[in-house]
Amino acid sequence: MTKKEIVKVISEEIGLTQLKTKEIVQKTFDAIVDTLVTDKRIELRNFGVFEVKKRAARKARNPRTGERVDVEEKYVVTFKPGKEMEKRVRDLEEEAAKLKAAAASQPPVSSPPAASTPPQQTPPPSSAPPSPGTTPGSPQVGSYNNSYPSGTQHTP
């Protein structure tokens, strides 16, 4: 889901214009970022906790060359979901498991046969030996392939 989709859903739900809703959503995101920069932590009850942590310097390996590389320390944002979010995601997993179990207990539904394409007919092999520089089965230089249905004309 994108920010634009979030704005649309919220604006329809509360009856504000999308422009005003977009401004509110953006201000909310800006406030979260500003708080992370200044306080290094923001806790949103029933949603989760964003926290800025320092990742230590380390030695890594370039996957292409295999060369060892020094990675400097850096700040990263971590997110720990709240209890409400954890519960709803867990419920989603349980629902998926139930659907999978139900599908496994039912006999498979036979699908209609796929529309098959008729096999292509190959012309009968020519009794004449192939010309130099050609491969068997390929049209020979100067030959005319008259494989059009009867009654139709082909004008090159």
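It should be emphasised that the depicted structure is a prediction, and the values quoted were computed from it without experimental measurement.

Draft legend 1. Structural context of unusual backbone geometry. Positive phi values are uncommon outside glycine, yet K40 reaches one of about 65°. Structurally, K40 can be placed in the loop between α2 (18-39) and β1 (41-44). Here N46, not a glycine, exhibits a phi torsion of approximately 65°, which is positive. Assessed through its relative accessible area of 59%, N46 is described here as exposed.

Draft legend 2. Structural detail: the nonpolar core. Ranked by size, the top nonpolar core spans 5 residues in total: I32, L36, I42, F50 and V52. Contributing elements (two or more residues each) for this core: α2 and β2 (48-55). If sequence neighbours within four positions are ignored, F50 has contacts with I32, L36, K40, R41, I42, L44, V77, T78 and F79.

Draft legend 3. Region of interest: a positive patch on the surface. On the surface, a cluster of positive charge is made up of K3, K4, K8 and K22. Take the positive patch: its biggest share by element is 3 residues, from helix α1 (residues 3-14). Inspection of the secondary structure puts K22 in helix α2.

Draft legend 4. Spotlight on a nonpolar patch on the surface. On the surface, a cluster of nonpolar side chains totalling about 320 Å² of accessible area is made up of I10, I14, L16 and I24. Within the fold, I24 resides in helix α2.

Draft legend 5. Local environment of the pattern of salt bridges. Counted under the stated rule, the structure contains 7 salt bridges. Between R41 and E43 there is a salt bridge, and its shortest N-O distance comes to 3.3 Å. Look at E43 and you get partly exposed, because its relative accessible area is 39%. One salt bridge in this structure joins E73 and K54, with 3.5 Å as the shortest N-O distance. In this pair, E73 sits in the loop between β4 (68-71) and β5 (74-81) while K54 sits in strand β2, placing the two residues 19 residues apart along the sequence.

Draft legend 6. Fine view of the packing of α1 against α2. In contact at an axis separation of 9 Å, α1 and α2 are set at 120° when each is read in the N-to-C sense. Our classification of the angle between α1 and α2 gives oblique. Like other packed secondary-structure pairs, α1 and α2 cross with a definite hand, here right-handed. In this structure, α1 uses K3, V7, K8, I10 and S11 to contact α2, whose residues at the interface are Q18, T21, K22, V25, Q26 and F29. Residue classes in the contact of α1 with α2 are distributed as 4 nonpolar, 4 polar and 3 charged.

Draft legend 7. Broad picture of the side chain of T21. Mapping T21 onto the fold places it in helix α2. Side-chain polar atoms of T21 contact the backbone oxygen of T17, separated by 2.8 Å. Once residues within four sequence positions are removed from consideration, T21 is found in contact with V7, I10, S11 and L16.

Parameters at a glance
- Residues numbered from 1 in each chain as written.
- Predicted model: local features only at pLDDT ≥ 70, side-chain atom pairs only at ≥ 80, totals over all residues.
- Heavy atoms only, no water.
- Helix = DSSP H or I, 4+ residues; strand = E, 2+ residues; numbered from the N terminus.
- Buried < 20%, exposed > 50% of the residue type's maximum accessible area, 1.4 Å probe, protein only.
- Core = buried A, V, L, I, M, F, W, Y, C linked by side-chain atoms within 4.5 Å.
- Contact = heavy atoms within 4.5 Å.
- Patch = residues over 30% accessible without salt bridge, like charges linked within 9 Å, V, L, I, M, F, W, Y side chains within 5 Å.
- Areas by Shrake-Rupley, 256 points an atom, 1.4 Å probe, with all protein chains shown as cover.
- Salt bridge = Lys/Arg side-chain N within 4 Å of Asp/Glu carboxyl O.
- Lys, Arg positive; Asp, Glu negative; His and termini not counted.
- Charge placed at Lys NZ, Arg CZ, Asp CG, Glu CD.
- Axes fitted to C-alpha atoms, helices over the stretch in contact; angles between N-to-C directions.
- Parallel < 35°, antiparallel > 145°, perpendicular 65-115°, else oblique.
- Left-handed = near helix turned anticlockwise from the far one by under 90°.
- Nonpolar A, V, L, I, M, F, W, Y, C, P; charged D, E, K, R; others polar.
- Polar contact = N/O pair within 3.5 Å; in protein donor to acceptor, adjacent residues only side chain to side chain.

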